Amino acid sequence: MSAADPSSLVVTASPQETSDWGRRIGEICRPGTLLALHGDLGAGKTRFVKGVARGLDAAREEDVTSPTFVLMNLYSGRLVLAHFDLYRLDRVDLETLGFYDYRREAVIALEWAEKVEEKLLGDHLRISFEITGEHSRRLMFQARGKASRELLDRMNLFP
Ligand code: ADP
Ligand code: MG
């Protein structure tokens, strides 16, 4: 990360707060928004994506589940949401996964993005989840490109 990359931290005190941050992003996502989600098991990535889906009017939160076993779930709302989880993959071939079929038109939420970090070219919003207590999580948002900087600005993290 260069010093010029803006980053923002928020702390959540419940799963609901984490999904609310996702919803706020989902409400303002544009075609081509890529959310690269980093963090350990249980850190809150899937909770966050539930909120993104709700913000896009793409699914009810209870209908969004981890795609750990199917690799990708699709939800359609204001935009299509393609939800990937790389957890079980050793060697990740984004092309074979169909990632690029969704890169331009859809919103992509990618769990375990650390597995493809060096291959994630193009504008994206990196969000790292850290477990800071039984019910608390720290989310760090880092814009990687112009579109994701604008997304962060429009999110108005600290109004
Ligand atoms: P991941 O997808 O990163 O593996 P999940 O979202 O599936 O993680 O699970 C997060 C777990 O942590 C859930 O069981 C949730 O209830 C719990 N949790 C506790 N506090 C929080 C919080 N502040 N934000 C998100 N999840 C939380
Ligand atoms: Mg998950």
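As a reminder, the structure under discussion sits directly above these lines.
Worth saying up front: this structure is predicted, and the values here are computed from it rather than measured.

1. Side note on the site of ligand 1
In the vicinity of ligand 1 there are 17 residues, among which Thr18, Gly42, Lys45, Thr46 and His135 approach most closely. Note that an oxygen atom of ligand 1 is positioned 2.7 Å from one of the side-chain N or O atoms of Lys45. Burial of ligand 1 by the surrounding chains reaches 79%, relative to a free accessible area of 570 Å². Of the pockets mapped on this structure, ligand 1 occupies the largest pocket. Counting residues per element, the ones that place at least two in the shell around ligand 1 are α1 (15–28) and α2 (45–55). Tallying contributions element by element places α2 first for the shell around ligand 1, with 3 residues. Tallied by class, the residues present in the shell around ligand 1 amount to 4 nonpolar, 7 polar and 6 charged.

2. Describing the nonpolar core
In terms of nonpolar packing, the biggest core is built from 30 residues, with Ile25, Phe48, Leu81, Leu125, Ile127 and Phe141 touching the most fellow members. The set of elements that each furnish at least two residues to this core consists of α1, β2 (34–38), α2, β5 (107–111), β6 (124–131), β7 (137–144) and α5 (146–155). Broken down by element, the residue count for this core peaks at 4 residues, all from α2.

3. Comments concerning the coordination of the magnesium ion (ligand 2)
Reference values for angles at a metal are 109.5 degrees in the four-donor tetrahedral case and 90 or 180 degrees in the six-donor octahedral case. Listed as protein donors to the magnesium ion (ligand 2) are Thr46 (OG1) and Glu111 (OE); their distances from the metal cover 2.2 Å. Placement of Thr46 in helix α2 and of Glu111 in strand β5 is noted, with a sequence separation of 65 residues between them. By the burial criterion, Thr46 is buried, and Glu111 matches it.

4. A short note on the environment of Phe141
Along the chain, the position of Phe141 falls in strand β7. For the pair Phe141 and Ser8, spaced 133 residues apart in sequence, the C-alpha separation works out to 5.1 Å.

5. Remarks on the pairing of β5
By the criterion of burial, β5 is predominantly enclosed, with 5 of the 5 residues buried. Here β5 shows no split at all, with Val107, Ala109 and Glu111 on one side and Ile108 and Leu110 on the other all buried. Pairing of β2 with β5 involves 4 bridges; the strand directions are parallel. Bridge pairing in β5 links Leu35 to Ala109. Here 5 bridges tie strand β4 (residues 80–85) to β5, and the two strands are oriented parallel to one another. Counterpart to Ala82 in the pairing with β5 is Ile108.

6. Quick notes on the packing of α1 against α2
A pair of packed helices is characterised by two quantities: the angle between their axes and the separation of those axes. It is the contact of α1 with α2, at a shortest axis distance of 6 Å, that shows an interaxial angle of 40 degrees. What the angle tells us is that α1 and α2 run oblique. Of the two possible hands of crossing, α1 and α2 adopt the one that is right-handed. The segment α1 lies against α2, with Pro15, Gln16, Thr18, Ser19, Asp20, Trp21, Gly22, Arg23, Ile25, Gly26 and Glu27 engaging Arg47, Phe48, Gly51, Val52, Arg54 and Gly55. Each residue belonging to the contact of α1 with α2 can be placed in one class, and the counts come to 5 nonpolar, 7 polar and 5 charged.

7. Thoughts on the layout of surface pockets
Counted as a void, the largest pocket has a volume near 290 Å³. Around the largest pocket sit 20 residues that line it, and Gly42, Ala43, Gly44, Lys45 and Arg47 are the ones nearest its centre. Only α1 and α2 provide two or more residues apiece to the lining of the largest pocket. Tallied by class, the residues present in the lining of the largest pocket amount to 5 nonpolar, 9 polar and 6 charged. One number sums up the size of the second largest pocket: a volume of about 150 Å³. Surrounding the second largest pocket, 14 residues form its lining, Gly32, Thr33, Asp123, Ala147 and Ser148 being those nearest its centre. When contributions to the lining of the second largest pocket are tallied by element, the ones reaching two or more residues are β6 and α5. Here the element with the most residues in the lining of the second largest pocket is α5; it accounts for 5 residues.

Cut-offs applied
- Residues numbered from 1 in each chain as written.
- Chains lettered and ligands numbered in written order.
- Predicted model: local features only at pLDDT ≥ 70, side-chain atom pairs only at ≥ 80, totals over all residues.
- Heavy atoms only, no water.
- Near = heavy atom within 4 Å.
- Polar contact = N/O pair within 3.5 Å; in protein donor to acceptor, adjacent residues only side chain to side chain.
- Areas by Shrake-Rupley, 256 points an atom, 1.4 Å probe, with all protein chains shown as cover.
- 1 Å grid on protein atoms, 1.4 Å probe; cavity = no way out; pocket = protein on both sides within 12 Å on 5 of 7 lines; lining within 4 Å.
- Sits in = over half its atoms within 2 Å of the grid points.
- Helix = DSSP H or I, 4+ residues; strand = E, 2+ residues; numbered from the N terminus.
- Nonpolar A, V, L, I, M, F, W, Y, C, P; charged D, E, K, R; others polar.
- Core = buried A, V, L, I, M, F, W, Y, C linked by side-chain atoms within 4.5 Å.
- Buried < 20%, exposed > 50% of the residue type's maximum accessible area, 1.4 Å probe, protein only.
- Donors = N, O, S within 2.8 Å, 3.2 Å for Na, K, Ca; no water.
- Pairing = 2+ DSSP bridges.
- Axes fitted to C-alpha atoms, helices over the stretch in contact; angles between N-to-C directions.
- Parallel < 35°, antiparallel > 145°, perpendicular 65-115°, else oblique.
- Left-handed = near helix turned anticlockwise from the far one by under 90°.
- Contact = heavy atoms within 4.5 Å.
- Points joined across faces, edges and corners; volume = space filled by probe spheres on them.

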